[in-house]
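Summary of the model geometry
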Amino acid sequence: MSKFAAILLSGAMLNAPILSPASAADMVYSEAQNNDCSDVKVINRIKSRFHIQANEVHHNPDLQVAELYNTYETRYEPEGKSPFARRYCKAQAYMSDGQQRSIWYLLEYGAGFAGLGNNVEFCISGLDRWNVYGAHCNILR
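The structure displayed is predicted, hence computed values, not measured ones.

**A few points about the nonpolar core**
Counting 20 residues, the largest nonpolar core has Ile46, Phe50, Leu68, Met95, Ile103, Tyr105 and Ile124 as the members making the most contacts within it. By residue number, the principal contributor to this core is helix α3 (residues 40-56), which donates five residues. If we ignore the near neighbours within four places in the chain, the residues touching Tyr105 are Cys37, Val42, Ile46, Thr71, Arg87, Tyr88, Cys89, Lys90, Ala91, Glu121, Phe122 and Leu140. Grouped together as the second largest cluster of nonpolar side chains are seven residues, Tyr88, Trp104, Leu106 and Cys123 included.

**Details of the pattern of salt bridges**
Counted by the stated rule, this structure contains four salt bridges. Here Glu73 and Arg87 are joined by a salt bridge, their closest N and O atoms 2.5 Å apart. Of this pair, Glu73 sits in strand β1 (residues 65-77) while Arg87 sits in strand β2 (residues 86-95); the two residues are 14 residues apart in sequence, bridging distant segments of the chain. Glu108 serves as the salt-bridge partner of Arg86, at 3.0 Å between the closest nitrogen and oxygen. Highlighted residues: Arg86 in strand β2 and Glu108 in strand β3 (residues 100-108), separated in sequence by 22 residues. Accessibility expressed as a relative area gives 22% for Arg86, which makes it partly exposed.

**Here's the deal with the packing of aromatic side chains**
Within the structure shown, the criterion is met by zero aromatic pairs. Sitting over the ring of Tyr88, Arg75 keeps its end group 3.9 Å from the ring centre.

**Concerning the side chain of Glu108**
On the accessibility criterion, Glu108 (10% relative accessible area) is buried. In terms of polar contacts, Glu108 uses its side chain to reach the side chain of Arg86, at 3.0 Å. Residues contacting Glu108, with those up to four places away along its chain left out, are Ala85, Arg86, Asn118 and Asn119.

**Comments concerning the environment of Phe122**
For Phe122, the position within the fold is in strand β4 (residues 119-124). Residues contacting Phe122, with those up to four places away along its chain left out, are Ile46, Arg49, Phe50, Gln53, Ile103, Trp104, Tyr105, Tyr133 and Leu140.

Parameters and conventions
Residues numbered from 1 in each chain as written. Predicted model: local features only at pLDDT ≥ 70, side-chain atom pairs only at ≥ 80, totals over all residues. Heavy atoms only, no water. Core = buried A, V, L, I, M, F, W, Y, C linked by side-chain atoms within 4.5 Å. Buried < 20%, exposed > 50% of the residue type's maximum accessible area, 1.4 Å probe, protein only. Helix = DSSP H or I, 4+ residues; strand = E, 2+ residues; numbered from the N terminus. Contact = heavy atoms within 4.5 Å. Salt bridge = Lys/Arg side-chain N within 4 Å of Asp/Glu carboxyl O. Phe/Tyr/Trp six-rings, centres within 6.5 Å; stacked < 30°, edge-to-face > 60°. Lys NZ or Arg CZ within 6 Å of the ring centre and 35° of its normal. Polar contact = N/O pair within 3.5 Å; in protein donor to acceptor, adjacent residues only side chain to side chain.

Geometric descriptors of this kind do not, in isolation, establish any biological role.
What follows is the structure in structure tokens.
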């Protein structure tokens, strides 16, 4: 490293905030309490992927997720246990057939195709025909 780079780095380090353990814990908490569960992009991805599932698995192209409401986070797992940070969410789904169902979904950060973007997995109560996510969507709860 050149002397110039070392001087810049040391100057940056002097201006960096010093975090106590308590403030570091607050950062994790505030990171976990965000609005990703109700993000429009996430909800649209769920709706789009369920439309494909309704056609190919349930053979009911008219069945759609009309609306997701009461979205909230149930758990947040930072990177460490797995290579990806994960956010578990729950919502109520108003379906096109008039039924209301519970939906559980998982956001995996940095786990999109080829490691780009985020991955979304979801399970709608009563519509996991092959129990991919366990009985009553237990894996995503």
